[in-house]
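Now for the letters of each chain:
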Amino acid sequence: CKYGSGTGKTGKRYHYYKCTNSHGKNSKCTNPQVSGKHLEKMVILAIQHLVSDEKFTQQVLDQASQVDHKLVLTLKARQSNLKRKITIKEEGQQKAVMLFTEGHTSIEAMPKILNSIEQELVQLRSQERAVGIQILELEKQSPDIDVLRKTFSAFTEFVEDLDPATKRKLFH
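Residues numbered from 1 in each chain as written. Predicted model: local features only at pLDDT ≥ 70, side-chain atom pairs only at ≥ 80, totals over all residues. Heavy atoms only, no water.

> Can you help me understand the overall build of the protein chain in this one?
A count of helices and strands for the protein chain gives five helices and three strands. Listing each helix as α and each strand as β along the protein chain from the N terminus yields β-β-β-α-α-α-α-α. Within the protein chain, the proportion of its 172 residues that are buried is 20%. For the protein chain, the proportion of contacts with a sequence separation of at least 24, taken over those separated by at least 6, is 52%. Total accessible area on the protein chain stands at roughly 12,800 Å², and carbon and sulfur atoms take up 57% of it. (Helix = DSSP H or I, 4+ residues; strand = E, 2+ residues; numbered from the N terminus. Buried < 20%, exposed > 50% of the residue type's maximum accessible area, 1.4 Å probe, protein only. Contact = heavy atoms within 4.5 Å. Areas by Shrake-Rupley, 256 points an atom, 1.4 Å probe, with all protein chains shown as cover.)

> How should helix α3 (residues 109–141) be read in this particular structure?
Residues lying three or four places apart along an α-helix face the same way, a consequence of the helix completing one turn every 3.6 residues. A rise of 1.5 Å per residue sets the reference length of α3, with its 33 residues, at 48 Å; its end C-alpha atoms lie 49 Å apart and thus fit the reference within 8%. Turning to α3, its buried residues number three or more, namely Met110, Ile117, Leu121, Leu124, Glu128, Val131, Gly132, Ile135 and Leu138. (Expected span 1.5 Å × (residues − 1).)

> Help me out: how do you make sense of the pattern of salt bridges in this one?
Close approach of charged atoms allows side chains with opposite charge to pair. One pass over the structure, following the stated rule, counts three salt bridges. Taking the shortest distance from any N to any O, the salt bridge between Arg125 and Glu90 comes out at 2.7 Å. In this pair, Arg125 is assigned in helix α3 and Glu90 in helix α2 (residues 54–101), connecting sequence segments 35 residues apart. Here Arg125 and Glu118 are joined by a salt bridge, their closest N and O atoms 3.9 Å apart. Judged by its relative accessible area of 32%, Glu118 falls in the partly exposed class. (Salt bridge = Lys/Arg side-chain N within 4 Å of Asp/Glu carboxyl O.)

> What am I meant to see in the nonpolar core here?
Side chains of a nonpolar character, in soluble globular proteins, are inclined to be buried together. By size, the foremost hydrophobic cluster in this structure holds 10 residues: Val72, Leu75, Leu82, Ile86, Ile117, Leu121, Leu124, Val131, Ile135 and Leu138. Of all the secondary-structure elements, those providing two or more residues to this core are α2 and α3. Here the element with the most residues in this core is α3; it accounts for six residues. Contact partners of Ile117, with chain neighbours within four places excluded, come to Lys89, Gly92 and Gln93. (Core = buried A, V, L, I, M, F, W, Y, C linked by side-chain atoms within 4.5 Å.)

> Help me understand the environment of Lys41 in this model?
If you trace the backbone, Lys41 turns up in helix α1 (residues 36–52). Sequence separation between Lys41 and Glu160 is 119 residues, and the spatial gap between their C-alpha atoms is 8.7 Å.

> Sorry, what's going on with α1 here?
Taking 1.5 Å of rise per residue, the 17 residues of α1 would be expected to cover 24 Å, and the 24 Å separating its terminal C-alpha atoms lies within 8% of that figure. Those residues of α1 that sit buried are Gly36, Glu40, Ile44 and Val51. Angular distribution of buried residues about the axis of α1 spans 65°; they occupy a single face of the element. Of the exposed residues in α1, the ones pointing more than 90 degrees away from its buried face are His49 and Ser52. At the N-terminal end of α1, a side-chain oxygen is found 3.3 Å from the backbone nitrogen of Lys37, two or three residues along, and the residue is Ser35. (Arc of directions from axis to C-beta. Polar contact = N/O pair within 3.5 Å; in protein donor to acceptor, adjacent residues only side chain to side chain.)

So, in structure tokens, the structure goes:
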């Protein structure tokens, strides 16, 4: 839809919405333009209806929470796997030192072995921190159902009290 305005025969301005394909002789759209006042009122009524439907509102909020929750669980599993890999690498470092002290590894081979393990540890720890940050961000963003419900209600009350020009700006 495209928003427009015009002046009637009496000089009064009116606002409307029309399909963006509805201009020109070869227009493919047969939908008539719709009064801006009428459409804006319908949007407000639809929002009010949805907000007043506790079951619907709860379903929407639950679905939003589930998406975040599933992603957080997936990230926590990945974080746990990375921590396990870190522990294994740290044990590998200790084992390499023990093999050296028991004479099973040469002193020349030790720096290469320990550097390789250390590089892998740095990479794993970096990945684990990044996943931890993602988890914190998602948990911080998860919706508070009561806040959302109050916001929905306040929005509909707020919009009802706006003057027509401000409503038009809001809907664009």
